[in-house]
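# Structure assessment
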Amino acid sequence: MAPTVLGNHKGLPLQNTMKKIPTKGLTETELFAEMNALRKDDLNWRNGRNFAYVYYPGEEILSVVKKAYQLFFSENALNPSAFPSLRNMENDVVSMCASLFHGDEDVVGSLTTGGTESILMAVKTAREWGKKNKNLTGTPEIILPSTAHPAFFKAAHYFNVNILLCPVEQDFRVDAQKMEKLISENTVLLVGSAPSYPQGVVDPIEALGQIAKKRNLLFHVDACIGGFILPFLQQLDHKIPAFDFSVEGVTSISADIHKYGYAAKGASVILHKNSNLRKHQFYTYTKWTGGIYASPTMTGTRPGGAIAAAYAALKFVGNDGYLKLAKSCMDTTEKLQNAIREIPELDILTTPDATLFAITSDSLDIYEVGDEMGILGWQIDRQQMPPSLHFSINPAHEKVIDQTIEDLKIAVQKAKKLSLNKVGKNVQLQAIKTMQRMLPQSLFEKIKQLAAKHSDVGGKRSAAMYGMIGELQGKGDLDDMIKDFLDKMMK
Ligand SMILES: *Cc1c(COP(=O)(O)O)cnc(C)c1O
């Protein structure tokens, strides 16, 4: 649950004034002065102050990947015959990824602009495959662990498929048998994460693969975040459960090269077990007056730069480079986790499998710890159900992790003082506090007003707060408010 989706992480005020293209263009100096000034409140990712969004492998790799992007800045991968360079690089990236994930020669795929697009393609493929290969009696269904990424919900929303959600167990992994119980004649796809983003655990991919095979279903492994860290942790002899094409029954995998692959933003891969499956992903329109149109993924025009940067990252970093980076991330993760285990007020949720995890607390309000860390200059995302803070470790953290730990201890002490002043815990109050911290202040205030309007008690602050969740849930108001907020952000 990333609050920054809804706004600047520092809650900057919205701007409503209309802009015009300048009559006379700025000079380059003016322009860059202006743009650099705009960055002053951005995340300080080079200094490892963030635990999401940017994965920083150091200046050397970054500058090479940037050069590659610039070299193909203008090229367009829409038409594969116009730029054989891009086609060759895309094919090579797909092939390198297929090998990395223990696929055979039959494995094919496409580059997409990100994990979300890869997942959209996996769901679209399953829908089309189901319609052609199964006797569906109704809307196609996909079965997800409750920790699956929202991109699957987005896919279901766009592509008119239904979702059946399987709650995860205490350890935040889904139970394969419980997933199996949800299968119906309309099921087309099972999904597992490797790992899930919020708590960083790998679902039981082997057990799910067996079920998918037995029940003749497609099975997608979401390795968006894990794709370029798990294989290297495996090579480093960390205990990582099998999650890729080495597992029978896996029919597609998504992996984001723009996360632990350290490519430029706009690069993910969707792999299919064979080209018969991938055909269901493609789109064609043959009656256009502009000619026969065919497109492999969601986008039309496809950025050459992102493809070139993905290619450059894999080729320049190399397996050895990824091993080194993975080792740095894992060592840092273990250091941070060991320190957290020494802090009595904090707990690590479950037993994470890789370099991402969440922390929670029984004795204090974990969001308060997040707030205090924010004051100390760290940006840590809040999560819900249960309230927790998320860490995704990247190589930038190696140098600052001692400071992170120091500050975490300070933040806990400060949060403890604050907690003493608090009235007893109340479930609704907790829920409201969750929202307050996950949503930007301006949005929260509006929700509060709306709740007050709906509620009998009227404008009284606490009453409105108490009633808010109950009043808003199930009415679609909350979704509407958030959409309204996004709308304002994008103006
Ligand atoms: C990041 C992520 C996605 C979505 O990827 P985007 O590149 O943000 O679209 C999907 N699944 C998991 C597990 C992720 O971590």
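As shown above, the structure is provided for reference.
Right, let's walk through the structure included here.

Before going further, it helps to examine the site of the ligand. By nearness alone, 13 residues border the ligand, and Gly-115, Thr-116, Asp-222, His-258 and Lys-259 come closest of all. Here an oxygen atom of the ligand sits 2.9 Å away from a polar atom, N or O, in the main chain of Gly-115. Protein chains bury 84% of the 380 Å² of accessible surface belonging to the ligand in isolation. The leading source of residues in the shell around the ligand is helix α4 (residues 115-133), at three residues.

With that settled, consider the pattern of salt bridges. Tallied over the entire structure, the rule returns 17 salt bridges. For Glu-90, the salt bridge goes to Arg-302, with nearest N and O atoms at 2.7 Å. With Glu-90 in helix α3 (residues 84-100) and Arg-302 in the loop between β9 (293-295) and α10 (304-341), this residue pair connects regions lying 212 residues apart in the sequence. Since its relative accessible area comes to 10%, Glu-90 is described here as buried. Residue Asp-171 is joined to Arg-173 by a salt bridge in which the shortest nitrogen-to-oxygen separation is 3.4 Å. Given a relative accessible area of 30%, Asp-171 falls into the partly exposed group. A residue is classified by how much of its surface remains accessible, and Arg-173, at 15% relative accessible area, is buried.

So, about the environment of Val-400. Its place among the elements puts Val-400 in the loop between β13 (388-392) and α12 (401-420). With 352 residues separating them in the primary sequence, Val-400 and Gly-48 have C-alpha atoms 6.8 Å apart. Apart from residues no more than four positions distant in its own chain, Val-400 is found in contact with Asn-47, Gly-48 and Trp-378.

Moving on, we come to the sheet that holds strand β2 (residues 141-145). Judged by pairing direction, the sheet is mixed, and its seven strands sit side by side in the order β1-β7-β6-β5-β4-β2-β3 without closing on themselves. Of all strands in the sheet, those bounded by a partner on one side alone are β1 (108-112) and β3 (162-166). Geometrically, the sheet is characterised by an average inter-axis angle of 20 degrees between neighbouring strands, direction not taken into account. Sheet topology note: the strand β6 (residues 252-256)/strand β7 (residues 268-272) ladder contains five bridges and is antiparallel. What sits directly across from Ile-253, in β7, is Leu-271. The strands touched by helix α5 (residues 150-159) are β2, β3, β4 (187-193) and β5 (218-222); relative to β3, the strand with the most contacts, the crossing angle is about 155 degrees.

So, about unusual backbone geometry. Backbone phi values are negative for most residues with the exception of glycine, while trans is the configuration of most peptide bonds. The omega angle of the peptide bond from Ala-194 to Pro-195 is -10 degrees, so this bond is cis rather than trans. Along the polypeptide, Pro-195 turns up in the loop between β4 and α7 (205-214). The peptide bond linking Met-385 to Pro-386 adopts the cis configuration, its omega dihedral lying at 0 degrees. Following the sequence through the fold, Pro-386 ends up in the loop between β12 (381-383) and β13. Positive phi is not limited to glycine here, since Asp-237 has a value of about 70 degrees. Secondary-structure assignment places Asp-237 in the loop between α8 (230-235) and β6. Asp-237 gets classed as exposed once you look at its relative accessible area, which sits at 70%. Notably, Met-385 is not glycine yet its phi reads approximately 50 degrees, a positive angle. Relative to the assigned elements, Met-385 resides in the loop between β12 and β13.

Rules of the game
- Residues numbered from 1 in each chain as written.
- Predicted model: local features only at pLDDT ≥ 70, side-chain atom pairs only at ≥ 80, totals over all residues.
- Heavy atoms only, no water.
- Near = heavy atom within 4 Å.
- Polar contact = N/O pair within 3.5 Å; in protein donor to acceptor, adjacent residues only side chain to side chain.
- Areas by Shrake-Rupley, 256 points an atom, 1.4 Å probe, with all protein chains shown as cover.
- Helix = DSSP H or I, 4+ residues; strand = E, 2+ residues; numbered from the N terminus.
- Salt bridge = Lys/Arg side-chain N within 4 Å of Asp/Glu carboxyl O.
- Buried < 20%, exposed > 50% of the residue type's maximum accessible area, 1.4 Å probe, protein only.
- Contact = heavy atoms within 4.5 Å.
- Pairing = 2+ DSSP bridges.
- Axes fitted to C-alpha atoms, helices over the stretch in contact; angles between N-to-C directions.

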